[in-house]
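Overview (structure and organization)
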Amino acid sequence: MGTCLYLLSGGRSLARLLGALGLSACTALPPPAGGALPMTRAGLHDFALSGRFALRQDGQSHVGRLNWRHDDSRNELLLSSPLGQGMAEMVSDASGARLIAGDGRTYAAANADELLQSVLGYPLPLSRLVDWLRGNNPGGGRMALDGHGRPLRLLDEAWRIDYEYDSDDPQALPGRLFVEREGGFELRLRIDEWSTLSPAN
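Computed from a predicted structure; not experimentally measured.

Rules behind the numbers
Residues numbered from 1 in each chain as written. Predicted model: local features only at pLDDT ≥ 70, side-chain atom pairs only at ≥ 80, totals over all residues. Heavy atoms only, no water. Helix = DSSP H or I, 4+ residues; strand = E, 2+ residues; numbered from the N terminus. Contact = heavy atoms within 4.5 Å. Core = buried A, V, L, I, M, F, W, Y, C linked by side-chain atoms within 4.5 Å. Buried < 20%, exposed > 50% of the residue type's maximum accessible area, 1.4 Å probe, protein only. pLDDT = per-residue confidence, 0-100. Phe/Tyr/Trp six-rings, centres within 6.5 Å; stacked < 30°, edge-to-face > 60°. Pairing = 2+ DSSP bridges. Axes fitted to C-alpha atoms, helices over the stretch in contact; angles between N-to-C directions.

1. With respect to the environment of Leu 126
Inspection of the secondary structure puts Leu 126 in helix α3 (residues 126-133). Put simply, Leu 126 and Asp 113 are 13 residues apart on the chain and 5.9 Å apart in space, counted from C-alpha to C-alpha.

Dropping the structure here:
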């Protein structure tokens, strides 16, 4: 499966990479198998999501669509244009991380974080983003909760993550994630659909 989030770094390197990727079609992510499971934040581990992103850094802005499947230690992401044309895909697992661009070029690194750093020239920690999406705080940052006991804001080293929800359910998953880093990096995620995955998926 491809990615989108590894492309969410910014500035000139992002613009250069997006230009090189073009709008060539990539393989779409398969739908989750085994049917939907109850969508709650508690105990959420494996997931699939689809949504939209907006990225801004160094005075440049980029928007698009993303599909992301996280299964244990494996991430599969697909980055698409706003019209749904595939731009790139990335897979990361215990064996390393690989990115396939729309022109067929392949990039590889020991892990997704290193791949993002080398391709984009900017550190976007995919490993942390998985936890931030689920409202986890493994790094011991400062977490503020809303009136329903859900994550509202997380300060994790130089990163600030703000959460918004589409309902008052105390176990609701976030509908919007706002990620900012000192220095002007801003990432906005609008999650249109969450799916939980069973271990068999």
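2. A look at the side chain of Asp 131
By secondary structure assignment, the location of Asp 131 is in helix α3. Each residue touching Asp 131, except ones within four places of it in the same chain, is listed here: Asn 136 and Pro 138.

3. Here we look at the nonpolar core
Formed by 38 residues in total, the largest nonpolar core has its most connected members in Trp 68 and Leu 133. With near-sequence residues (within four places) excluded, Leu 133 lies in contact with Phe 47, Leu 49, Trp 68, Pro 174, Leu 177, Leu 189, Ile 191 and Trp 194.

4. Focus on the confidence of the model for the protein
Looking at the protein as a whole, the pLDDT averages 78, with 76% of positions reaching at least 70. Below pLDDT 50 for its whole length, residues 1-38 participates in 126 contacts with residues either more than four positions away or in separate chains.

5. Some thoughts on the packing of aromatic side chains
For the structure shown, the criterion picks out four aromatic pairs. Ring geometry for Phe 47 and Trp 68: centres 5.7 Å apart, planes at 70°, overall edge-to-face. Of this pair, Phe 47 sits in strand β1 (residues 47-57) while Trp 68 sits in strand β2 (residues 60-71); the two residues are 21 residues apart in sequence, bridging distant segments of the chain. Since its relative accessible area comes to 1%, Trp 68 is described here as buried.

6. Focus on the sheet that holds strand β11 (residues 185-196)
Judged by pairing direction, the sheet is antiparallel, and its eleven strands sit side by side in the order β6-β5-β4-β3-β2-β1-β11-β10-β9-β8-β7 without closing on themselves. In this open sheet, the two edge strands, each paired with only one partner strand, are β6 (106-109) and β7 (142-145). This sheet shows a mean twist of 15° between the axes of neighbouring strands, independent of strand direction. By the bridge criterion, ten bridges tie β1 to β11 in an arrangement that is antiparallel. Bridged to Arg 56 within β11 is Glu 186.

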